[in-house]
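# Coordinate analysis (summary)
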Amino acid sequence: MRWSNTLIPTIKEVPADAEIPSHQLMLRAGLIRQLMAGAYTYLPLGWKSIQKAAQIVREEMDAAGAAELHMPALQPLGLFERTQRKEAFGSVLIQFNVPRGNRLIPMALGPTHEEVVTDLISHCISSYKQLPLTVYQIQTKFRNEERPRFGVLRTSEFLMKDAYSFSSSVEQLDEIYDRMYRAYCRIFARCGLKYLPVEAESGPIGGDASHEFMIPSENGEDSIVYCEASGYAANMERADTGRQTPEIKTPADAGTLEKQATPAATSIEQVSQLLGCEPSQMIKTLIYLADGEPVAVLIRGDHEANEGKIRRALGAATVELADEKTIQQVTGAPTGFAGPVGIKCKIIADHDIPVIANAITGANEADAHLLNVNVGRDYELETTYDLRNAAAGDPCPKSGEPLAIVHGIEVGHVFKLGTKYTEALDADFLDEKEKRHPIIMGCYGIGVNRIIAGLAETKHDDKGLIWPLAVAPYEVLVIPLNTKDDEVMQTAERYYEELKAAGVDVLFDDRNARAGVKFNDADLIGIPYRIVIGGKGLQNGEIETKWRTADEAEMIALDAGITPIL
Ligand code: ATP
Ligand code: MG
Ligand code: MG
Ligand code: MG
């Protein structure tokens with residue numbers, strides 16, 4: 001491409017309203033221009049980089065077995081009503097009525113495509129034989145962000161790669177999730193991005209059901225707890241994940257799996273509300289219902305003090321301190337705990353053993369419960385804290401070392417969705433026995449614009465951008481020093497044409513401008529490799545070449561042609 005044929009409106013001054021380096025540099029290098037708050041035009045250089053990043057994403061999605069399709073941005077609002085996401089999105093969802101004949105049709109601009117893709121699949125898939133399936137698109141999303149800011153890091157209209165997987169079993173989902181996770185690592189590595197996968201708020205599925213990929217950056221809007229020693233990293237949006245994974249010491253005899261009644265309360269908050277106790281006095285606790293009545297609760301710490309609270313909460317007659325044997329009588333099974341272990345009342349308590357069973361022994365059955373385990377012998381007690389209140393220096397749940405708090409830009413997100421959308425939109429499959437089940441979903445998003453803005457934010461110096469080769473708008477910039485000089489121009493043209501013919505992506509600065517202007521622009525737009533033709537070098541039969549990141553230029557003999565450059 002010739003500079004004179006394209007549009008690269010570079011700016012010398014730092015734009016007043018741009019607060020962070022990526023925003024300033026992307027404006028100054030002529031990559032983007034704002035149309036209004038949250039809406040940007042990608043100028044040719046910016047769009048080329050976006051396209052290169054999108055192509056890397058596409059190649060890795062294809063390699064991971066996902067099929068590309070393209071869904072409409074314009075969507076019927078009714079779909080969002082069926083999944084209750086009209087309320088969940090609130091003002092973020094851009095919605096309006098479109099007149100059709102004498103009717104008004106309520107529509108939305110897609111903030112993401114779970115509804116549309118699930119509706120599609122509900123009509124195309126009916127049997128387990130058609131599963132698993134993963135589809136993806138690279139498409140414009142619309143979100144009326146409350147605070148569009150930082151240039152194209154947060155806009156109301158942005159390019160997302162969104163993939164959706166459909167499975168007939170949790171094992172299938174797990175396998176696809178892992179494959180997508182690995183594809184994400186390859187994508188960001190190929191784009192030259194430093195990235196950090198972190199545990200994310202996982203919603204209804206819990207556990208390791210969601211990870212975000214963060215670009216560590218001071219100006220990132222997400223806060224992350226991070227431990228260098230163990231590699232543990234989690235988004236502080238998570239409410240429930242400071243949990244120390246308990247370690248089963250003797251897995252072979254770590255209890256037996258038994259069915260229990262359905263838990264009535266599954267969070268510390270719920271139990272504490274029920275009992276009028278402080279959450280800090282409890283280990284994560286379950287209360288089981290027998291004949292509609294709570295039957296057991298076990299509380300850490302001072303049972304006598306707790307007794308008073310429970311007595312007040314439940315009525316005096318039903319409460320007494322109880323030892324292991326008494327609790328066993330009530331629950332019909334040993335608790336495995338020694339000493340005075342709880343309070344016999346209409347409710348008697350129990351540790352949240354299913355979490356341990358899920359995490360370690362694979363006993364993740366609904367309503368299942370490990371019995372006959374001993375604290376200290378079979379597992380360590382959990383410690384829980386809310387990550388939203390985490391502070392630097394808190395102990396890492398894996399290593400015990402002090403946690404650091406770092407900031408990051410969320411560039412990708414993988415999520416085990418489960419059946420939320422397929423249940424709401426009737427996307428079912430029939431199993432081998434012709435039994436009907438909702439399809440199990442996963443979703444996987446990447447902000448393509450954020451790849452580019454994230455690179456600009458983390459890879460630059462005081463002169464301008466520094467693109468990695470893979471997503472640089474052009475790989476090579478050819479600069480003739482004096483465009484009025486025939487020999488200079490002929491030589492430069494020759495290099496330009498030969499490099500292009502060899503498949504190199506070249507920009508030719510054919511502007512009739514001062515060398516200083518061209519060099520400043522070259523550094524600002526950050527093309528990885530620069531070739532300067534003219535002056536003394538040319539008289540000596542040489543061209544000057546320089547990597548954007550190198551301090552020194554290198555001279556190459558004209559006789560060698562383009563071979564040393566390739
Ligand atoms: P954020 O926490 O930054 O608001 P999100 O969690 O709402 O992002 P997702 O719904 O997970 O975003 O969307 C998938 C990806 O789309 C994100 O990981 C991010 O890279 C990108 N993305 C989300 N919102 C925006 C936006 N307003 N502008 C640009 N990219 C965005
Ligand atoms: Mg958001
Ligand atoms: Mg987020
Ligand atoms: Mg997200």
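You'll find the structure just up there.
Scope of this entry: the structure provided in the associated data block. This is a predicted model, so every value here is computed, not measured.

### Details of the coordination of the magnesium ion (ligand 4)
When a metal carries six donors in an octahedron, the ideal angles between them are 90 or 180 degrees, while four donors in a tetrahedron ideally lie at 109.5 degrees. The protein atoms donating to the magnesium ion (ligand 4) are Glu 410 (OE) and His 413 (ND1), with metal-donor distances spanning 2.2 to 2.3 Å. If you look at the magnesium ion (ligand 4) and the magnesium ion (ligand 3), they sit 3.2 Å from each other and are both ligated by Glu 410.

### Overview of the packing of helix H1 (residues 21–28) against helix H12 (residues 448–458)
Each packed pair of helices is defined by two parameters, the angle between the axes and the distance between the axes. It is the contact of H1 with H12, at a shortest axis distance of 8 Å, that shows an interaxial angle of 105°. Looking at the two axes, H1 sits roughly perpendicular to H12. Counted together, Pro 21, Ser 22 and Met 26 of H1 and Ile 452, Ala 453, Ala 456 and Glu 457 of H12 form the full contact between these two elements. Residue composition of the contact of H1 with H12, by class: five nonpolar, one polar and one charged.

### Considerations on unusual backbone geometry
The linkage connecting Leu 131 with the following residue, Pro 132, adopts the cis geometry, with an omega of 0°. On the secondary structure map, Pro 132 appears in the loop between helix H5 (114–124) and strand E7 (133–142). We note that Gln 84 has phi near 65°; this positive angle belongs to a residue other than glycine. Tracing the backbone through its elements, the reader meets Gln 84 in the loop between helix H3 (77–82) and helix H4 (85–89). Positive phi outside glycine occurs at Phe 150, with the angle close to 60°. By secondary structure assignment, the location of Phe 150 is in the loop between E7 and strand E8 (157–167).

### Re the pattern of salt bridges
All chains considered together, the criterion is met by 25 salt bridges. A salt bridge links Glu 175 to Arg 179, with the nearest nitrogen and oxygen atoms 3.6 Å apart. Here Arg 179 and Glu 175 lie together in helix H6 (residues 170–190), a separation of four residues that amounts to about one turn. One connected set of salt bridges, linked through shared partners, spans Arg 2, Glu 493, Glu 497 and Lys 500.

### Things to note about the sheet that holds strand E31 (residues 554–557)
What the five strands build is an open sheet, ordered E28-E27-E29-E30-E31; its pairing is mixed. The sheet is open, and its two edges are formed by strand E28 (506–508) and E31, each paired on a single side. Sheet twist, expressed as the mean angle between neighbouring strand axes with direction ignored, is 25°. In the sheet, strand E29 (residues 529–533) pairs with strand E30 (residues 542–547) via four bridges, with the strands oriented antiparallel. Directly across from Tyr 529, in E30, lies its bridge partner Trp 547. The strands that helix H13 (residues 486–501) touches are strand E27 (476–480), E28, E29, E30 and E31; relative to E28, the one it contacts most, it runs at about 160°. Here helix H14 (residues 515–525) sits on the sheet and contacts E27, E28 and E29; the angle it forms with E27, its principal contact strand, is near 175°.

About the thresholds
Residues numbered from 1 in each chain as written. Chains lettered and ligands numbered in written order. Predicted model: local features only at pLDDT ≥ 70, side-chain atom pairs only at ≥ 80, totals over all residues. Heavy atoms only, no water. Donors = N, O, S within 2.8 Å, 3.2 Å for Na, K, Ca; no water. Axes fitted to C-alpha atoms, helices over the stretch in contact; angles between N-to-C directions. Helix = DSSP H or I, 4+ residues; strand = E, 2+ residues; numbered from the N terminus. Parallel < 35°, antiparallel > 145°, perpendicular 65-115°, else oblique. Contact = heavy atoms within 4.5 Å. Nonpolar A, V, L, I, M, F, W, Y, C, P; charged D, E, K, R; others polar. Salt bridge = Lys/Arg side-chain N within 4 Å of Asp/Glu carboxyl O. Pairing = 2+ DSSP bridges.

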